Amino acid sequence: MALVQDKQFKYPSEDECLVRRLGSGVMAAWSHLPPEAREKILAEAKLAWDREYQVSHLPDKLNAIIKRRHS
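How each quantity is defined
- Residues numbered from 1 in each chain as written.
- Predicted model: local features only at pLDDT ≥ 70, side-chain atom pairs only at ≥ 80, totals over all residues.
- Heavy atoms only, no water.
- Helix = DSSP H or I, 4+ residues; strand = E, 2+ residues; numbered from the N terminus.
- Buried < 20%, exposed > 50% of the residue type's maximum accessible area, 1.4 Å probe, protein only.
- 1 Å grid on protein atoms, 1.4 Å probe; cavity = no way out; pocket = protein on both sides within 12 Å on 5 of 7 lines; lining within 4 Å.
- Points joined across faces, edges and corners; volume = space filled by probe spheres on them.
- Nonpolar A, V, L, I, M, F, W, Y, C, P; charged D, E, K, R; others polar.
- Contact = heavy atoms within 4.5 Å.

Engineer: Which residues make up the overall build of the protein chain, and what values go with them?
Structural biologist: What the protein chain contains, in helices and strands, is three helices and zero strands. Starting at the N terminus and ending at the C terminus, the protein chain contains elements arranged as α-α-α. With the C-alpha coordinates of the protein chain rotated into their principal frame, the extents come out at 30 × 30 × 20 Å. Burial status across the protein chain gives 10% buried among its 71 residues.

Listed below in structure tokens is the structure:
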């Protein structure tokens, strides 16, 4: 069973608070996730649709926020 579908997830602006909460939940559980799940989540996060499409140094910023949360 695949962890994440290959389809890009898009959401309406009124659901943004829900997406943020899910992201916060993933970050809280991060240290308990298996390494392959972490890698898949980061890969999907790099491809996710967002209103701010061109975020410079996105992979570095994703890793930094996780590191800050778990330091």
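Engineer: Now, about unusual backbone geometry: what can you tell me, with residues and values included?
Structural biologist: In this structure, histidine 57 is a non-glycine residue whose phi angle is positive, near 55°. Here histidine 57 lies in the loop between helix 2 (35-47) and helix 3 (58-69).

Engineer: Describe the layout of surface pockets, with residues and values.
Structural biologist: Volume-wise, the largest pocket comes out at about 1600 Å³. Forming the boundary of the largest pocket are 40 residues, of which Val19, Gly23, Ala45, Ala48 and Leu62 lie nearest the centre. Grouping the amino acids of the lining of the largest pocket by side-chain chemistry returns 23 nonpolar, five polar and twelve charged.

Engineer: Can you tell me about the environment of isoleucine 65, naming the residues and giving the values?
Structural biologist: Note on placement: isoleucine 65 falls in helix 3. Sequence spacing of isoleucine 65 and leucine 42 is 23 residues, and the spatial spacing of their C-alpha atoms is 12 Å.

Engineer: If you had to explain the environment of leucine 58 to someone new, which residues and values would you point to?
Structural biologist: Relative to the helices and strands, leucine 58 resides in helix 3. Through-space distance from the C-alpha of leucine 58 to that of alanine 45 is 9.2 Å; in sequence the pair is 13 residues apart. Leave out the neighbours within four places in its chain, and leucine 58 touches Ala45 and Lys46.

Distances and angles like these do not, on their own, reveal function.
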